[in-house]
Amino acid sequence: MRKFMAENGLHLSWAIALVAMLGSLYFSEVKGYLPCKLCWYQRILMYPQVFLLGIAAVRKQQVYMYVLPMTILGGCISLYHYLMEKTDLFPSNSFSCGIVPCDAQYINWFGFVTIPFLALTAFTLITAIHLVLWRIDRTKNA
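Source: prediction; values computed, not measured.

Visitor: What am I meant to see in the nonpolar core here?
Guide: Looking at soluble globular proteins, one finds that nonpolar side chains tend to be buried together. Counting residues in each nonpolar core, the largest one holds 30 residues, and the members touching the most others are Leu10, Cys36, Leu38, Met46, Leu53 and Ile126. Taken together, the elements giving at least two residues each to this core come down to α1 (2-30), α2 (37-59), α3 (64-86) and α4 (115-141). Top element by residues in this core is α2. It accounts for 9 residues. Setting aside residues up to four positions removed in sequence, Cys36 forms contacts with His81, Cys97, Val100, Pro101 and Cys102.

Spelled out as structure tokens, the structure:
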């Protein structure tokens, strides 16, 4: 598993970021779902990773020091957004979302999969991959 992650981790995380970006563009541009402010913040943290991870995968350079802050922050925003949608922990008026309310659920697959949940999944997977790559790099250089 370690060898697989060392050889393919960058490509895998790039593919996850690409699918997340294309999925969000599909929801907004094809389906016509207007993103709220929290969705925009998640996009701001995900979209650059497509380019960053794509270049890193081609050059075979580790970029976990750039990726991890964005994915951890994006995951926190996604988790907050998801909890705002699905629980009473954060009332929907606790954050001003502008024209589109942040607790609006455009999709609700299987009763729990919403757009913020999809973003949280992507951020979590990319974070996990890059934590493994960071550990591999640390043990290789030690």
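Moving on from the model shown.
Visitor: How should the pattern of salt bridges be read in this particular structure?
Guide: Two side chains that carry opposite charge are able to pair once their charged atoms sit near each other. This model, assessed by the stated rule, comprises 1 salt bridge. We note a salt bridge from Glu7 to Lys3, for which the minimum N-O separation is 3.9 Å. A residue pair is termed a helical-turn pair when its members lie 3 or 4 positions apart in one helix, as Glu7 and Lys3 do in helix α1 at 4 residues.

Visitor: Explain the environment of Leu10 here, please?
Guide: Residue position: Leu10 is located in helix α1. Spatially, the C-alpha atom of Leu10 lies 32 Å from that of Gly111, the residues being 101 residues apart in sequence.

Visitor: What am I meant to see in a nonpolar patch on the surface here?
Guide: On the surface, Trp109, Phe110, Phe112 and Leu118 cluster together into a nonpolar patch covering about 460 Å² of accessible area. As for its position among the elements, Trp109 is in the loop between α3 and α4.

Visitor: Is there a simple way to think about the packing of α2 against α3 in this case?
Guide: Helix-helix packing is characterised by the crossing angle of the two axes and by the distance between the axes. Closest axis-to-axis distance for the α2/α3 pair is 9 Å, and the angle between their directions is 150°. Relative to α3, α2 is oriented roughly antiparallel. Seen along the crossing, α2 lies across α3 with a hand that is left-handed. Taking contact as the criterion, the partners of Leu38, Cys39, Tyr41, Gln42, Leu45, Gln49, Leu52 and Leu53 in α2 are, on α3, Tyr66, Val67, Met70, Thr71, Leu73, Gly74, Ile77, Ser78, Tyr80, His81 and Met84. Of the residues assigned to the contact of α2 with α3, the class counts are 13 nonpolar, 6 polar and no charged.

Visitor: Before we go on, may I ask you to explain the packing of α1 against α4 in this structure?
Guide: Where α1 meets α4, the closest approach of the two axes is 9 Å, and the angle between their N-to-C directions is 160°. Viewed along their axes, α1 and α4 adopt a mutual orientation that is roughly antiparallel. The way α1 lies across α4 gives a crossing that is left-handed. Taken together, the residues of α4 that come into contact with α1 (itself represented by Arg2, Met5, Ala6, Gly9, Leu10, Leu12, Ser13, Ile16, Ala17, Ala20 and Phe27) are Ile115, Leu118, Ala122, Leu125, Ile126, Ile129, His130, Val132, Leu133, Ile136 and Thr139. Classifying every residue of the contact of α1 with α4 by side-chain character gives 17 nonpolar, 4 polar and 1 charged.

Visitor: Just to check I follow, could you spell out the packing of aromatic side chains for this structure?
Guide: To describe a pair of aromatic rings, one takes the distance between the centres and the angle between the planes. Counting across every chain of the model gives 7 aromatic pairs. An angle of 50° between the planes, with centres 5.4 Å apart, marks the rings of Tyr82 and Phe117 as tilted. Residue Tyr82 is located in helix α3, and its partner Phe117 is located in helix α4; the two are separated by 35 residues in the primary sequence. A relative accessible area of 14% places Tyr82 in the buried class. Judged by its relative accessible area of 23%, Phe117 is partly exposed. Through a chain of ring-to-ring contacts, three or more aromatic side chains come together here, namely Tyr26, Phe27, Tyr33, Tyr106 and Trp109. Lying across the ring of Trp40, Arg43 places its NZ or CZ 5.0 Å from the centre. Over the face of the ring belonging to Trp134 we find Arg138, whose NZ or CZ atom lies 5.8 Å from the ring centre.

Rules behind the numbers
- Residues numbered from 1 in each chain as written.
- Predicted model: local features only at pLDDT ≥ 70, side-chain atom pairs only at ≥ 80, totals over all residues.
- Heavy atoms only, no water.
- Core = buried A, V, L, I, M, F, W, Y, C linked by side-chain atoms within 4.5 Å.
- Buried < 20%, exposed > 50% of the residue type's maximum accessible area, 1.4 Å probe, protein only.
- Helix = DSSP H or I, 4+ residues; strand = E, 2+ residues; numbered from the N terminus.
- Contact = heavy atoms within 4.5 Å.
- Salt bridge = Lys/Arg side-chain N within 4 Å of Asp/Glu carboxyl O.
- Patch = residues over 30% accessible without salt bridge, like charges linked within 9 Å, V, L, I, M, F, W, Y side chains within 5 Å.
- Areas by Shrake-Rupley, 256 points an atom, 1.4 Å probe, with all protein chains shown as cover.
- Axes fitted to C-alpha atoms, helices over the stretch in contact; angles between N-to-C directions.
- Parallel < 35°, antiparallel > 145°, perpendicular 65-115°, else oblique.
- Left-handed = near helix turned anticlockwise from the far one by under 90°.
- Nonpolar A, V, L, I, M, F, W, Y, C, P; charged D, E, K, R; others polar.
- Phe/Tyr/Trp six-rings, centres within 6.5 Å; stacked < 30°, edge-to-face > 60°.
- Lys NZ or Arg CZ within 6 Å of the ring centre and 35° of its normal.

Any functional reading would require information beyond the geometric quantities listed.
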